[in-house]
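The residues making up each chain are set out below.
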Amino acid sequence: MPELNHSTRLPPTRQQSEAAALDAAAHRAARELRDAAVRGVGSIAAMRDAIKAAARALPPFTAIARCAPLDAKSFRARAKEGLPFLMEGGARHWPLAALDVQALRQHYSHLAVRARVGDYVGTAFAPDREMADMSLLAYLDLVAAGTPGLPPYLGNLELRELNRLCHWPAYFDKMGPPRFWLGPAGTVTPLHCDYDDNVFAQVWGTKRITLAPPHHDEFLYPREANAILFGSPFDPEAPDYERYPLARQAACVECIVQPGDMLYVPAGWYHQVRALTFSLSSNRWARAVPLALRAA
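Conventions and cut-offs
- Residue positions within a chain follow its written sequence, with the count starting from 1.
- Only residues with pLDDT of 70 or above have their local features reported here, since the model is predicted, and side-chain atom pairs are shown and tallied only from 80 upward, although totals for entire chains, interfaces and linings are computed over all residues.
- Note that water and hydrogens are dropped before the side-chain values are worked out from all heavy atoms of the structure.
- For two strands to count as paired, DSSP must find a minimum of two bridges between them.
- In DSSP terms, a helix is any run of H or I states spanning at least four residues, a strand is any run of E spanning at least two, and both are numbered starting from the N terminus.
- Note on geometry: axes are lines fitted to C-alpha atoms, helical ones only across the stretch in contact, with angles between N-to-C directions running from 0 to 180 degrees.
- By definition, residues are in contact when any of their heavy atoms lie within 4.5 Å.
- Nonpolar cores were defined as sets of buried Ala, Val, Leu, Ile, Met, Phe, Trp, Tyr and Cys residues, with membership established by side-chain atoms within 4.5 Å.
- A 1.4 Å probe rolled over the protein chains alone gives each residue an accessible area, and that area as a share of the maximum for its type sets the label: buried under 20%, exposed over 50%, partly exposed in between.
- In the analysis that follows, any N or O atom pair within 3.5 Å is treated as a polar contact, provided that within protein one partner can donate a hydrogen and the other can accept it, and provided that, for residues neighboring in sequence, both atoms belong to side chains.

Peer 1: Would you mind going over the sheet that holds strand 1 (residues 65–67) with me for this structure?
Peer 2: Note on sheets: strands pair through backbone hydrogen bonds, and any given pair is parallel or antiparallel. Across the sheet, nine strands lie side by side as 1-2-13-8-15-6-5-3-4; this open sheet has mixed pairing. Edge positions in the sheet fall to strand 1 and strand 4 (131–135), since each of these pairs with one other strand and no more. Within the sheet, the average angular offset between the axes of one strand and its neighbour, ignoring direction, is 25°. Contacting strand 1, strand 2 (85–87), strand 8 (198–204) and strand 13 (262–265), helix 3 (residues 72–79) crosses the sheet at an angle of about 160° to strand 2.

The following block contains the structure:
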């Protein structure tokens, strides 16, 4: 019988596989309990169901309403209606909006960032998607040099130095930390939904955002990443109805967000985001009961 090399990896035994599955299930259950406690709900699953039930009572989704910037009271009143809406110019006067790529090079080149590289659309919700750590200067140089396929993307990063140049309205009782999204035309966040209310600010550049209602997940072939994040393999910008025939029934509505615009995305609404020009965006998620579930 040949001796085993110390580097040889044997397949897990049945007992090891079962133990690993139990550990994963326990970890998931613990995370869901924490998520529910943070949001002040008894169950994340029940909250998801309530969001879909409330969405079924909404009028047909055919357009995204636009309005002027709102104060906190007016914002909450409108958000309780359960529909997305765009506030034109809501972030226009932020100091960050006055900067450009050259200013980032001059003043923030030292920032440590993590870039999405490779096929980050196809692996968007996989735990092992390809990432690369670098400085902001190295990222900007990488973008300038050009790469085949998808351009590298800085997404969902907490950059406190940039947030000092933002003036976020207090729209939610509990707000998560600001997240930043930076990249050239062609960067994409594929179709997904977050079960938290979301305010998205287009600081500079232009993006196309496609939205679909929560209860239309039955047409979008959802895949769970975690209890508050679901992805869809369907691409509303290049629909493949042979592969995803039910998606014909999904109400997918596009809007273009311009520099300074702020978009409210209610909890559970599916959305896909594509940069049409070099763009800097930021968003904040609520950490509380969704406003659509608080209707008087």
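Peer 1: What is the right way to look at the nonpolar core in this model?
Peer 2: One broad trend across soluble globular proteins is that nonpolar side chains are buried collectively. Within the largest apolar cluster, 39 residues are counted, with the highest numbers of intra-cluster contacts made by Phe 75, Leu 136, Tyr 139 and Leu 182. Within the second largest apolar cluster, 20 residues are counted, among which are Ala 36, Ile 44, Tyr 195 and Leu 220.

Peer 1: Whenever I open this one, the environment of Glu 88 confuses me. Can you help?
Peer 2: With respect to the helices and strands, Glu 88 occurs in the loop between strand 2 and helix 4 (101–108). With 146 residues separating them in the primary sequence, Glu 88 and Phe 234 have C-alpha atoms 29 Å apart. Apart from residues lying up to four places away in sequence, Glu 88 is in contact with Arg 66, Cys 67, Pro 69 and Asp 261. Of the polar contacts made by the side chain of Glu 88, one reaches the side chain of Arg 66; its length is 3.3 Å.

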